[in-house]
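Structural description and commentary
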Amino acid sequence: MTKNPELLPSEAKARRVLFVAFDDVGLLDLSGAQTVFWAATKAMEARGLKGYERVTASVDGGLVRSAEGLVLQTDALGKYRIGTVDTLIVPGSPHMASVLDRSAPLVKWLRRASGKARRTASVCSGAFMLAAAGLLDHKRATTHWLMFDLMNQRFPSVQIDRDAIFVQQGAVWTSAGVTAGIDLAMALVEADCGHDVAMEVARELVVFLKRPGGQSQFSGLLQAQAGDTDTFDELNLWIAGNLESPGLSVERLAERAHMSPRHFARVYKQKTGRTPAKAVEVFRLEAARRLLEDSARNVDQIAQLCGFGDEERMRVTFQRNLGVAPRDYRKRFAANRSDQASPSSSRSAVT
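Because the structure is a prediction, the values reported are computed rather than measured.

Looking only at helices and strands, the protein features 15 helices and 10 strands. Across the 351 residues in the protein, those meeting the buried criterion constitute 50%. Relative to all contacts within the protein whose residues are 6 or more apart in sequence, the contacts with residues 24 or more apart total 65%. Put simply, the protein shows about 16,600 Å² of open surface, and 49% of that area lies on carbon and sulfur atoms.

As structure tokens, this is what we get:
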């Protein structure tokens with residue numbers, strides 16, 4: 001995040017953001033980030049400043065069909081002199097493995113163009129394109145969590161960050177799955193245009209203004225639902241809604257699941273990959289992280305609200321799972337203090 005953004009003077013040219021398109025491109029990967037830059041341009045122009053020139057280009061230009069079936073009109077990459085591109089953004093595809101195999105010309109262009117652009121970014125599995133172009137060699141990066149293993153197989157030199165929403169390594173940025181491209185674009189806009197413009201964009205699009213990196217790209221509740229059964233979906237939702245209760249024991253959970261404690265503990269671990277006690281801890285940890293980030297409540301209040309009982313027990317849990325104390329976590333990830341004037345304040349884009 002840039003504290004002193006380089007605001008564009010009214011007489012300067014708009015910064016050109018080039019979105020790369022290709023057959024089977026993920027539509028939301030492309031359009032989500034584009035919409036952020038569009039909204040930022042509106043906000044900048046209202047201030048008498050230049051925003052962003054947004055262009056979508058493919059190797060040959062013309063029509064490109066997205067993975068979802070929508071046909072997009074694109075310019076040819078050759079239309080734009082490489083040195084005129086400020087930000088280069090590469091969306092992903094749900095079929096990236098096969099897309100990559102037929103994308104040698106695009107990868108070659110990316111290798112040349114990235115060295116001339118001020119920054120290069122990928123959304124979701126677009127990181128594979130950057131890796132193929134050699135832009136992620138021995139660098140930390142992220143991508144969609146379902147593709148971590150494939151990335152490791154195809155590009156073992158990439159240091160995969162399995163928790164981050166997005167990662168910045170110098171002039172190269174990578175983001176996690178699909179809608180994380182919006183978080184990435186918000187961070188790029190905030191770096192360019194400042195917090196006020198970024199918050200205006202967040203309010204218009206009704207999204208959160210995320211902080212750089214460090215936050216898990218999928219929640220504990222989502223992980224718990226990722227198995228092959230919905231056996232415990234209702235129970236997990238109940239746990240998430242009753243974290244303040246100190247009595248979330250195996251026995252109590254087993255009673256709600258209509259099982260014996262022993263059978264419940266065995267089946268829950270089998271279906272979710274976690275013991276019931278660990279699941280409760282993860283849900284509490286996730287809730288505490290959200291409150292530390294987005295509320296003005298003090299740490300002891302948050303510990304009680306999330307069922308830890310006291311600050312010390314929460315501190316031990318944070319250290320064990322995140323390697324950081326709750327107060328240090330808040331310093332790193334909390335919204336600006338001006339955004340936390342009251343316990344009800346939040347970075348949510350509520351209009």
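Now for the packing of helix α1 (residues 27-46) against helix α7 (residues 195-205). A pair of packed helices can be characterised by two numbers: the angle between their axes and the separation between those axes. α7 packs onto α1 with a crossing angle of 120 degrees between their chain directions and a minimal axis gap of 9 Å. For the element pair α1 / α7, the angle class is oblique. Judged by the sense of rotation from one axis to the other, the crossing of α1 with α7 is right-handed. Here Thr35, Val36, Trp38, Ala39, Ala40, Lys42, Ala43 and Met44 of α1 lie close against α7, whose contacting residues are Val197, Glu200, Val201, Glu204 and Leu205. Per-class residue counts for the contact of α1 with α7 are nine nonpolar, one polar and three charged.

The subject of this paragraph is helix α6 (residues 180-193). In this model, α6 (14 residues) spans 20 Å end to end at C-alpha, consistent with the 20 Å of a helix rising 1.5 Å per residue. With 13 of 14 residues buried, α6 is to be regarded as a mostly interior element. One or two residues past the end of α6 sits Gly194, with phi positive at roughly 95 degrees.

Attention shifts here to the sheet that holds strand β10 (residues 172-175). As summarised here, the arrangement of the eight strands in space is β3-β4-β2-β1-β5-β6-β10-β9, forming an open sheet in which the pairing is mixed. Strands at the two margins of the open sheet, each flanked by one partner only, are β3 (62-65) and β9 (166-169). Between one strand axis and the next, the sheet turns by 30 degrees as a mean value, whatever way the strands run. Examined bridge by bridge, strand β1 (residues 15-20) and strand β5 (residues 87-90) share three bridges and lie parallel to one another. Paired with Phe19 across the bridge in β5 is Ile89. In this fold helix α3 (residues 104-114) packs onto β1, β5 and β6 (119-122), with an angle of close to 155 degrees to the strand it touches most, β5. Together, β1, β2 (52-58), β5, β6, β9 and β10 form the strand contacts of α6, whose direction differs from that of β10 by roughly 145 degrees.

A general feature of soluble globular proteins is that nonpolar side chains tend to end up buried together. Ranked by size, the top nonpolar core spans 69 residues in total, and within it Leu18, Val20, Phe37, Leu88, Trp109, Leu110 and Met129 carry the most contacts. For Leu110, the contacting residues outside a window of four places in its chain are Val20, Leu88, Val90, Met129, Ala133 and Leu135. By size, the runner-up hydrophobic cluster in this structure holds 27 residues, among which are Leu235, Leu243, Leu253 and Val267.

Moving on, we come to the pairing of β5. Burial along β5 is two-sided: the residues Thr87 and Ile89 and Leu88 and Val90 are all buried. Bridging between β5 and β6 involves four bridges; their strand directions are parallel. Note that in β6 the partner of Leu88 across the bridge is Thr120.

On to the pattern of salt bridges. As enumerated under the stated definition, the model contains 16 salt bridges in all. The shortest N-O distance in the salt bridge between Arg315 and Glu312 comes to 2.6 Å. Of this pair, Arg315 and Glu312 both sit in helix α14 (residues 311-322), three residues apart, which is roughly one turn of that helix. Residues joined by salt bridges that share partners form a network here, namely Arg15, Asp86, Arg118, Arg119 and Asp192.

Right, let's get into the packing of aromatic side chains. Aromatic ring pairs are defined here through the distance separating the ring centres and the angle between the ring planes. Counted by the stated rule, this structure contains eight aromatic pairs. Measuring from ring centre to ring centre gives 5.7 Å for Phe232 and Phe264, while their planes differ by 80 degrees; the resulting arrangement is edge-to-face. Taken as a pair, Phe232 in the loop between α8 (220-224) and α9 (233-241) and Phe264 in helix α11 (residues 261-272) lie far apart in primary sequence, 32 residues in all. Of the two residues, Phe232 and Phe264, both sit in the buried class. On the numbers, 5.5 Å between centres and 50 degrees between planes, the contact of Phe264 with Tyr268 is tilted. Of this pair, Phe264 and Tyr268 both sit in helix α11, four residues apart, which is roughly one turn of that helix. Given the relative accessible area of 0%, Phe264 is considered buried.

Below, the discussion takes up unusual backbone geometry. Leaving glycine aside, a negative phi is the common case for residues, and trans is the common case for peptide bonds. The phi torsion at Asp24 lies on the positive side, around 75 degrees, for a residue other than glycine. Using a relative accessible area of 23% as the deciding quantity, one classes Asp24 as partly exposed. Unlike most non-glycine residues, Cys124 shows phi in positive territory, near 55 degrees. With respect to the helices and strands, the residue Cys124 is situated in the loop between β6 and α4 (127-132).

What counts, and where the lines are drawn
- Residues numbered from 1 in each chain as written.
- Predicted model: local features only at pLDDT ≥ 70, side-chain atom pairs only at ≥ 80, totals over all residues.
- Heavy atoms only, no water.
- Helix = DSSP H or I, 4+ residues; strand = E, 2+ residues; numbered from the N terminus.
- Buried < 20%, exposed > 50% of the residue type's maximum accessible area, 1.4 Å probe, protein only.
- Contact = heavy atoms within 4.5 Å.
- Areas by Shrake-Rupley, 256 points an atom, 1.4 Å probe, with all protein chains shown as cover.
- Axes fitted to C-alpha atoms, helices over the stretch in contact; angles between N-to-C directions.
- Parallel < 35°, antiparallel > 145°, perpendicular 65-115°, else oblique.
- Left-handed = near helix turned anticlockwise from the far one by under 90°.
- Nonpolar A, V, L, I, M, F, W, Y, C, P; charged D, E, K, R; others polar.
- Expected span 1.5 Å × (residues − 1).
- Pairing = 2+ DSSP bridges.
- Core = buried A, V, L, I, M, F, W, Y, C linked by side-chain atoms within 4.5 Å.
- Salt bridge = Lys/Arg side-chain N within 4 Å of Asp/Glu carboxyl O.
- Phe/Tyr/Trp six-rings, centres within 6.5 Å; stacked < 30°, edge-to-face > 60°.

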